[in-house]
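Examining the three-dimensional arrangement
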Amino acid sequence: MAQHQFQTEVSRLLHLIIHSLYSNREIFLRELISNASDAVDKLKYLTVAEEAYKSLSFDPRIDISFNRDAKTLTISDNGIGMNETDLEESLGTIARSGTKAFLEKLSADAKKDSNLIGQFGVGFYSAFMAADHIEVISRKAGEEKTWKWTSEGQDSYDIEEAPEDAGRKEQGTTVILHLTEEGLEYANRWTIEDIVKRYSNHVAFPIFLTHDEKEYDDKGKEKGTKTKTDRINSGQAIWRRPKSELKEEDYIEFYKSISYGDDSPLHYVHTKAEGTLEYSTLFYIPSKAPFDMYQVDYKPGVKLYVKRVFITDDDKELIPPYLRFIRGVIDSEDLPLNVSREILQQNKILMNIKNASVKKLLGEFKSLADAASGSEEHKKKWETFITHFNRPLKEGLYQDYANREALQELVRFKSTAVEGWTSFAEYLTRMKGDQKNIYYITGGDEKTLRASPLLEAYKAKELEVLIMDDEIDDIVIPSLHSYHKELPGTGGKLETKHWDLKAVNRSGADEELGEKQDKQAEKEAKPVIEKIKKALGDRVKDVKLSRRLHDSPSCIVADENDPSMQMAQMLKAMGQAEMPDIKPILEVNGDHPIVRSLKDTEDETRIADTAGVLLDQALLVEGIKLKDPADFVRRLNRLLSV
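A brief report on the enclosed structure follows. (Residues numbered from 1 in each chain as written. Predicted model: local features only at pLDDT ≥ 70, side-chain atom pairs only at ≥ 80, totals over all residues. Heavy atoms only, no water.)

1. Remarks on the sheet that holds strand S20 (residues 542-545)
Taken together, three strands build an open sheet; the order of strands is S20-S22-S21 and the sheet is mixed. Sheet topology places S20 and strand S21 (554-557) at the edges, where each strand pairs with a single neighbour. Here the strands of the sheet are splayed against their neighbours by 25° on average, with no regard to which way each runs. Strand direction decides the pairing type here: S21 and strand S22 (residues 585-588), joined by four bridges, are antiparallel. Each bridged residue has a counterpart across the sheet, and for Ser554 the counterpart in S22 is Val588. (Pairing = 2+ DSSP bridges. Helix = DSSP H or I, 4+ residues; strand = E, 2+ residues; numbered from the N terminus. Axes fitted to C-alpha atoms, helices over the stretch in contact; angles between N-to-C directions.)

So this is what it looks like as structure tokens:
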């Protein structure tokens, strides 16, 4: 037996790998299976490419077994195998990868076809997270001797020629883990199956698990056990197969397996990119919103694979937050990973895959929208999509500046002019000839907004107003400022035209109505305005005579530089407790009897009660909770009793 010292500071490195490098201990099994897959893949390549190996009998497979009594877990493959030199170079040196060296020898075309992983050479040592002693028994293809490598993961390892009864009669490698008490949980059939299906289900070669199964007689009494060997991986990566080979049922079945449900997807898009970057994607749009879509700790729906080996399903950077409802897979041929394979390097390759995926998805959404004008089925599909995912798309308008133009064409709103959903582009087709702006109103709910006094003048002039009742509209839409679109101009040449987005619940919005304030009416109303302003004091920022009210006595608007009342409420609900109160501007209708009744009275109580009711009812109409409902009721009762 020859004892060898690990390279300098190996103890420190092993301690780092075992205790710090991996946050999830079960990863070790994925790493060992990946190594076994590499070894099998190498031999598979050689049996085709090199004469010396073509006559070799080779039925590629990976086997796993365990013995709880002996506290062992065994992973075996019939791949390329290792001799004494290989064991010393591959397992005696931290961060040295035989796979990487092998790849460097391959031609460019061979690299393209080989499904190899393990670029860093440290995955094997993760097994010491679950074992305190490891044996590796290996025979290299084409050689007669079998070698044994052993280590306790400290300062040294041993290499010796394996005895004849070591269990390795053909080429390949057997890794025997002597499990710690904590690692004993992995000597379990269901645990192993779960880990393999989660991480290595799509490894190209069959993975078999040998285990003991209890047998029962016809009366249900246990009569003994028998040893069974079952295949536990599918070996089929649907996203890597040509679309021409797949049926819709295949896509639906795979969706159900990754969504853990029985619902069929609303839509799916399957892409294989070739060229500078090689990757495959299979994305699904669910038929309904995920239950955690609006939770901060939502579970990402896209899984990352590298050459069919699962890497992560917990990385929120794989796809933008506003597309968090998407389910599916990204499988890269080129994506470099850090040494643990758990944390993706922030690099250009990942960013390019992400950007291309986003553009592909937004293009697919656009196709759904365009198809909605066709059959009833397509219309229903688009309406379902918008009903569930319109709000996150609006978040994209705020988050994703690069794709804002595409998103502006996708988001939908309710309107005072049409039933159902409408877009900015459709709004333009209904605009009056001299109209220069797109008008909208934001607030708590659709019903309240449709009844808002703020819409009275717009309805009278037949100006369409978009109803925006999502909480985020108050944040998103002002950030857009305008909507722009290319339209045929002079001589048929395309020109980019802009339409400002105007909130009707802003103080300056009435200027676009084209109505001039009657100077005489303004003069006559001034004493009443002053009385109301004095009575309300610091409850309001200002009191003005309205140009937008026809039937209602009052309404509130926000100053151009202030957040709306709804946004202020939302910010406080999000924890902005120190935010100062936003004071509204009260607008009153000088022609309304309630307002005119204050002209000839100097009764301060009556003025205060009327002014308070005018403000409170304007707040209520906009869906804003009153600070003192009891005070409102008292004032109203006093006015009714006069």
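2. Looking at helix H19 (residues 604-621)
Taking 1.5 Å of rise per residue, 18 residues should cover 26 Å, and H19 covers 26 Å from first to last C-alpha, within 8% of that figure. Every buried residue belonging to H19 is among Ile607, Asp609, Thr610, Ala611, Gly612, Val613, Leu614, Leu615, Asp616, Ala618 and Leu619, and all of these are buried. One or two steps after H19, the chain reaches Gly623, where phi turns positive at roughly 80°. (Expected span 1.5 Å × (residues − 1). Buried < 20%, exposed > 50% of the residue type's maximum accessible area, 1.4 Å probe, protein only.)

3. Details of the packing of helix H2 (residues 27-49) against helix H7 (residues 189-199)
The N-to-C vectors of H2 and H7 enclose an angle of 65°; their axes lie 10 Å apart at closest approach. Seen from above, H2 lies across H7 with right-handed handedness. For the pair H2 and H7, contact is made by Ile27, Leu29, Arg30 and Ile33 and by Ile192, Ile195, Val196 and Tyr199, respectively. Within the contact of H2 with H7, the residues separate by chemical class into seven nonpolar, no polar and one charged. (Left-handed = near helix turned anticlockwise from the far one by under 90°. Contact = heavy atoms within 4.5 Å. Nonpolar A, V, L, I, M, F, W, Y, C, P; charged D, E, K, R; others polar.)

4. Here we look at unusual backbone geometry
Even without a glycine there, the phi angle at Lys71 is positive, about 60°. Positive phi values are uncommon outside glycine, yet Glu462 reaches one of about 60°. Its place among the elements puts Glu462 in the loop between helix H14 (456-460) and strand S17 (465-468).

5. Focus: the environment of His211
Inspection of the secondary structure puts His211 in strand S8 (residues 207-216). When the C-alpha atoms of His211 and Lys226 are compared, they prove to be 8.4 Å apart, with 15 residues separating the residues in sequence. Polar side-chain contacts of His211 include one of 2.9 Å to the side chain of Asp230. (Polar contact = N/O pair within 3.5 Å; in protein donor to acceptor, adjacent residues only side chain to side chain.)

6. Brief notes about the pattern of salt bridges
Side chains that differ in sign of charge can pair as their charged atoms come close. On inspection of all chains with the given rule, the structure shows 40 salt bridges. One salt bridge in this structure joins Lys394 and Asp470, with 3.0 Å as the shortest N-O distance. Of the two residues, Lys394 sits in helix H10 (residues 376-399) while Asp470 sits in the loop between S17 and helix H15 (473-480), which places them 76 residues apart along the sequence. On the basis of relative accessibility, which here comes to 2%, the residue Lys394 falls in the buried class. A salt bridge links Asp616 to Arg539; the nearest nitrogen and oxygen atoms lie 2.7 Å apart. Residue Asp616 is located in helix H19, and its partner Arg539 is located in the loop between helix H16 (519-536) and S20; the two are separated by 77 residues in the primary sequence. (Salt bridge = Lys/Arg side-chain N within 4 Å of Asp/Glu carboxyl O.)

7. Quick notes on the packing of aromatic side chains
Applying the stated rule across the entire model yields 22 aromatic pairs. On the numbers, 4.7 Å between centres and 45° between planes, the contact of Trp239 with Tyr305 is tilted. Within this pair, whereas Trp239 is found in the loop between strand S9 (222-231) and helix H8 (248-259), its partner Tyr305 is found in strand S12 (residues 302-306), the two being separated by 66 residues in sequence. Per residue, the accessibility class of Trp239 equals that of Tyr305, and both read buried. Here the aromatic rings of Tyr305 and Phe310 are separated by 5.6 Å at their centres, their planes lie at 70°, and the arrangement is edge-to-face. (Phe/Tyr/Trp six-rings, centres within 6.5 Å; stacked < 30°, edge-to-face > 60°.)

8. Examining the pairing of strand S13 (residues 309-312)
Two strands pair when backbone bridges link them, and S12 and S13 are joined in this way by three bridges, in the antiparallel orientation. Looking at S13, one finds that Tyr305 is bridged to Phe310. Remark: two residues form the turn of the hairpin made by S12 and S13, two consecutive strands paired antiparallel; Lys307 in that turn has positive phi of roughly 50°.

9. Quick notes on the sheet that holds strand S16 (residues 437-442)
Sheet strands associate in pairs through backbone hydrogen bonding, adopting either a parallel or an antiparallel arrangement. As summarised here, the arrangement of the five strands in space is S15-S17-S16-S19-S18, forming an open sheet in which the pairing is mixed. For this open sheet the edge positions go to strand S15 (414-415) and strand S18 (482-488), each flanked by a neighbour on one side alone. As defined by bridge partners, S16 adjoins strand S19 (residues 494-503) across four bridges and the pair is classed as parallel. Bridge pairing links Asn437 to Asp500 in S19. This element, H15, spans S16, S17, S18 and S19 of the sheet and lies at about 165° to S16.

10. Digging into the side chain of Asp474
Within the secondary structure, Asp474 is located in helix H15. The charged side chain of Asp474 is buried without a salt bridge, its nearest counter-charge being Arg506 at 5.2 Å. A polar atom in the side chain of Asp474 sits 2.9 Å from the side chain of Thr442. For Asp474, the residues in contact, after removing those within four places along its chain, are Thr442, Ser564, Gln566 and Met567. (Lys, Arg positive; Asp, Glu negative; His and termini not counted.)

11. Description of the side chain of Asn403
Note on placement: Asn403 falls in the loop between H10 and helix H11 (404-410). Overall, the relative accessible area of 10% leaves Asn403 in the buried class. At a separation of 3.3 Å, a polar atom in the side chain of Asn403 contacts the side chain of Lys359. Setting aside residues no more than four positions away along its own chain, Asn403 makes contact with Tyr322, Val358, Lys359 and Leu362.

12. Focus: the pairing of S22
Burial of the side chains of S22 extends over both faces: Ile585 and Glu587 are buried on one face and Leu586 and Val588 on the other. Taken together, the four bridges between S20 and S22 define a ladder with parallel strand orientation. Within S22, the residue paired with Val543 across the bridge is Leu586.

13. Remarks on H2
The terminal C-alpha atoms of H2, which comprises 23 residues, lie 33 Å apart, in line with the 33 Å expected from a rise of 1.5 Å per residue. The buried count for H2 comes to 18 of 23 residues, which makes it a mostly enclosed element.

14. Concerning the environment of Tyr294
Summarising the element assignment, Tyr294 is placed in the loop between strand S11 (279-285) and S12. Considered as a pair, Tyr294 and Pro392 are 98 residues apart in the sequence and their alpha carbons are 9.0 Å apart. If near-sequence neighbours (up to four positions away) are discounted, Tyr294 is found in contact with Arg324, His388, Arg391, Pro392 and Glu395.

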